[in-house]
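# Structural description and commentary
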Amino acid sequence: MRHIAATPRDLRPTVNYEPKPLPTDEVELPPEFQQDAELIAKHNHDIWALGRMREGWTWGEQRNDDLKTHPGLVPYEDLSESEKDYDRRSVLESLKAAICLGFEITPPSAKKD
C-alpha cells in the first residue's frame, strides 16, 4: 500500500490563479528611463547573482538546485538578449507600477534645485 502525504492547503498551488497586475498600459515613462532601465536591470542582476553566490551557488551549464549551479551566474553583459530584455521590462514595469500607485518619478535632469 502506497502512502501519499497530504500537502498542507497553504502549500498547494492555486489552480484558479488569475494574475491581476496594476493597470500600467497607459503609463508613459520619459525617454531617459529607457537608458536608466538598463543600468537598473544590471544592478538587479548583480544583486540577484550576489545573493545566489552567498548561498553557495556557482555557474553551471544547466540549473541544478541540488548542486546549486545556474547558467545565469555571469556578468549582465554576458546574458542573452532575451534575458536582458526580461530584466529591462521588469524594471520599466516596476517604475510604471510605482507611478500607478501615486509616486512621482523625476529624471535627474528635470529636478529643480
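Look up a bit, the structure's there.
Residues numbered from 1 in each chain as written. Predicted model: local features only at pLDDT ≥ 70, side-chain atom pairs only at ≥ 80, totals over all residues. Heavy atoms only, no water.

## Focus: the packing of aromatic side chains
Any pair of aromatic rings gets described here by the distance separating the centres and the angle formed by the planes. Evaluation of the coordinates by the stated rule reveals zero aromatic pairs. The positively charged end of R52 is found above the aromatic ring belonging to W57, 4.4 Å away from the centroid. Against the face of Y76 rests K84, its NZ or CZ located 5.8 Å from the ring centre. (Phe/Tyr/Trp six-rings, centres within 6.5 Å; stacked < 30°, edge-to-face > 60°. Lys NZ or Arg CZ within 6 Å of the ring centre and 35° of its normal.)

## What about unusual backbone geometry?
Unusually for a residue other than glycine, K68 sits at a positive phi of about 55 degrees. Here K68 lies in the loop between β1 (58-59) and β2 (69-70). (Helix = DSSP H or I, 4+ residues; strand = E, 2+ residues; numbered from the N terminus.)

## Comments concerning the nonpolar core
In this structure, L29, F33, A37, A41, Y76, L79, V91, L92 and L95 together form the largest nonpolar core, which totals nine residues. Mapped by element, the contributors of at least two residues to this core are α1 (32-54) and α2 (81-100). Those residues in contact with F33 that lie beyond four places of it in its chain are L92, L95, I105 and P107. (Core = buried A, V, L, I, M, F, W, Y, C linked by side-chain atoms within 4.5 Å. Buried < 20%, exposed > 50% of the residue type's maximum accessible area, 1.4 Å probe, protein only. Contact = heavy atoms within 4.5 Å.)

## Describing the environment of V74
Mapped onto the secondary structure, V74 falls in the loop between β2 and α2. For the pair V74 and H45, spaced 29 residues apart in the sequence, the C-alpha separation amounts to 9.2 Å. Residues within four places of V74 in sequence aside, it is in contact with H45, W59 and L79.

## Description of the side chain of R88
Examined against the element boundaries, R88 turns out to sit in helix α2. Separated by 2.3 Å, the side chains of R88 and E38 make a polar contact. Beyond its immediate sequence surroundings of up to four residues, R88 is in contact with E38, A41, Y76 and E81. (Polar contact = N/O pair within 3.5 Å; in protein donor to acceptor, adjacent residues only side chain to side chain.)

## Points about the environment of D85
Following the sequence through the fold, D85 ends up in helix α2. Assessed through its relative accessible area of 32%, D85 is described here as partly exposed. Through-space distance from the C-alpha of D85 to that of A41 is 8.9 Å; in sequence the pair is 44 residues apart. A polar side-chain atom of D85 sits 2.5 Å from a polar atom in the side chain of R89.

## Looking at α1
Spanning 23 residues, α1 covers 33 Å between terminal C-alpha atoms, matching the ideal 33 Å at 1.5 Å per step. Turning to α1, its buried residues number three or more, namely F33, A37, A41, H45, A49 and R52. Close packing links the buried residues of α1 with α2. G56 sits one or two positions beyond α1 and adopts a positive phi of about 95 degrees. (Expected span 1.5 Å × (residues − 1).)

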